[in-house]
Each structure stands twice: as structure tokens, then as C-alpha cells.
Amino acid sequence: DKKLYAPDIIKLKGVRKFSMVTAYDYTSALLVSMSDIDIILVGDSLGMVMLGHENTLNVTVDEMLIFLKAVKKGAPNKMIVADMPFLSYQIDIKDAIENAGKLIKAGADAVKIEGFEFPIPEITKRLSSMGIPVMSHLGLTPQHVLKFGGFKVQGNTKEDADKIIGASKELEEQGAFCVLLEAVPEEISEMVTKELQIPTIGIGAGRFVDGQVLVWQDLLGINPNRVPKFVRKYANIKDIIIDSLNRYHLDILNSTFPSYEEAHHLKRV
Ligand code: KIV
Ligand code: NA
């Protein structure tokens, strides 16, 4: 299948739903490239699932570039969205453009930016107008975790809901090609999806959005840590890995690994 770009994603709205999954390394990206998944997200969640941080606030552009380049090599045939990490866009517009440019030059086909308050609409407009597609990220924006006081569902009150709907419309006006909604009631994401011409994509945002995204480790059941209720585990790779490691360990102790066939031997002369 041919690679999708931002305008192709826009055209999918109302035609069919679309899928996105995170990937952070070459081997995983290679597997995604062999699948039907529409979009890869090199998310700043890598700070947590790949680097072990408590939240995403420590992730830098240089770190994003390492993972992004590896993913690009594994999946040159897939649309790649890269997260703009904390402090890579908030300081000033020049910074935001430079950092978005670095992600694009490293192989991203679009960037994702959290939030909607000043100066996000302006940044969205500038990047879009210079040819960098922007995916907006609203609701539970993990870079605001300290302000939220934890990874909590957003948009529970009528005021919060109105804010998210208003922000979505504003970001669409500024040129965003898609709005990602994280951990919001599905009554809100449904309203946003109906209000916008551009597609929405949800994680913990319920049924009535245009696309869905999950984190690699969550979807495959690799992560032994607690996962949110919105995650559906399509496999339990964690148990396969631990069991494989234990059998490998035991085979070594029993001297049954390696075997004669698995060893190199002197050539007969
Ligand atoms: O970083 C990430 O993985 C994300 C998704 C959870 C949407 O932003
Ligand atoms: Na992210």
C-alpha cells in the first residue's frame, strides 16, 4: 500500500477510520511497516516506556531525533508523526520552527504539538503555512501533568468541555490537519469530531473519533506496569518474554544450550 500524507488523512474523514501506533526503534518500525497500520507516532512517551522517566518532561529534541531516525529506517513506507517535546516549542516561534525543522529533516512527515494556549495557535499557523503538517493534541496533554496533578481524564465539566471544543476549532482554523484527543469523555470527542472538517484521533477518547492510537508496549502487553483502562491488550508479549528468558537461563544451567549443531566446529582436513 502507498504511504499516506497529511492530506490523505484528511480525506479519510467520513470514509474510513484510521490507525496509529507508537514505535521508537528500528525493529519495531520494521514490523509496523509490514502491517496495515496507517501512521506511526514517535511519541515523547518514549521518555517513559523507553527511558524510564516518570513523565515526558525530560525528553529533549536530540533524544527524539535518535528514536525518530531509527524508526524512519525501519518504516520508510509509513507516515511518521513526531512529537515536539517539552520546551522545544514554547520558548519562542524561532525555536519552534527550528526544532520542528529538525524533526522533519530526520524523517517526520508531521509534528504533534500539545495544548492550545498562547503561543500554540500561532506556532500551528506558522508551521502549517511553511509546509510542516501539525497534529494538535488536546485533553490530557501529558506535558501538563504537573498542572493537572496527575494523568487524569480531562473535560469533565461543561467549562472544560467547551474549552476543548473551542480549542479544536481554533487549531483547525490555524491549519492543524488532525486533532488528537487524549483521555476525554466520548461525549466531548464526539462533539469535536462532528464540529471539525479535519479528522480527530483518540486515545482514551471513546468510540466516536475518526482514528485511534495506542502505545506499542500497552497494545502488545509488553509493559508490566499498570496501564490505563482505555488500553486494549492485543497480546501478552510480556509473559512470552519472561518465559523465554527463564527457559534460556535454565538451558544454560542444564548445559542444553548451545547444542552441537549450534556450535562452530573445526573443518575436517
Ligand atoms: O507520546 C505519545 O505516545 C502520545 C500518545 C499517547 C498520543 O502522545
Ligand atoms: Na506524546
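Only a predicted model underlies this, so the values are computations on that prediction, with no experimental measurement involved. (Residues numbered from 1 in each chain as written. Chains lettered and ligands numbered in written order. Predicted model: local features only at pLDDT ≥ 70, side-chain atom pairs only at ≥ 80, totals over all residues.)

(A) Looking closely at the overall build of the chain. Helix and strand counts for the chain stand at eleven helices and eight strands. Taking the contacts inside the chain whose residues are at least 6 apart along the sequence as the reference set, 60% of them involve residues at least 24 apart. (Helix = DSSP H or I, 4+ residues; strand = E, 2+ residues; numbered from the N terminus. Contact = placed C-beta atoms within 7 Å.)

(B) Structural detail: the UniProt feature "active site" (unreviewed entry) in the chain. Following the UniProt record, the feature "active site" (unreviewed entry) maps to Glu182 here. Within the secondary structure, glutamate 182 sits in strand E6 (residues 178-182). (UniProt positions renumbered as here; feature names shortened; annotations may be inferred.)

(C) Representation of the site of ligand 1. In the vicinity of ligand 1, the contacting residues are Thr22, Leu41, Gly43, Asp44, Ser45, Asp83, Leu180, Glu182, Ile203, Val213 and Val215. Classifying every residue of the shell around ligand 1 by side-chain character gives five nonpolar, three polar and three charged. (Near = placed C-beta within 6 Å. Nonpolar A, V, L, I, M, F, W, Y, C, P; charged D, E, K, R; others polar.)

(D) Quick look at the nonpolar core. Core analysis: the biggest nonpolar cluster contains 66 residues, and Ile40, Val42, Val71 and Val111 have the highest contact counts within it. Among the elements that make up this core, the one with the highest residue count is helix H4 (residues 61-74) (five residues). (Core = buried A, V, L, I, M, F, W, Y, C linked by C-beta atoms within 7 Å. Buried ≥ 20, exposed ≤ 12 C-beta atoms within 10 Å, placed from the backbone.)

(E) Geometry of the environment of leucine 46. One can find leucine 46 in helix H3 (residues 46-49). In this structure the C-alpha to C-alpha distance between leucine 46 and aspartate 83, which are 37 residues apart in sequence, comes to 10.0 Å. Excluding residues that lie within four positions of it along the chain, leucine 46 makes contacts with Tyr24, Leu51, Val59 and Phe67.

(F) Expanded view of the UniProt feature "binding site: Mg(2+)" (unreviewed entry) in the chain. Summarizing the sequence annotation, UniProt attributes the feature "binding site: Mg(2+)" (unreviewed entry) to Asp44, Asp83 and Glu114 in the numbering used throughout. A maximum C-alpha distance of 10.9 Å among these annotated residues, which run over 71 residues, shows that they cluster at one spot. Along the chain, the position of aspartate 44 falls in the loop between strand E2 (39-42) and H3. According to the C-beta neighbour criterion, aspartate 44 is buried, with 28 such atoms within 10 Å.

(G) Inspection of the sheet that holds strand E4 (residues 110-114) at higher detail. Spatially, E1-E2-E3-E4-E5-E6-E7-E8 is the arrangement adopted by the eight strands of the closed barrel, whose pairing is parallel. In this sheet, neighbouring strand axes are inclined to one another by 25° on average, regardless of whether the strands run parallel or antiparallel. Across three bridges, the pairing between strand E3 (residues 79-83) and E4 is parallel. Note that in E4 the partner of alanine 82 across the bridge is valine 111. Along the sheet, helix H9 (residues 186-195) makes contact with E6 and strand E7 (200-203), crossing E7 at roughly 165°. (Pairing = 2+ DSSP bridges. Axes fitted to C-alpha atoms, helices over the stretch in contact; angles between N-to-C directions.)

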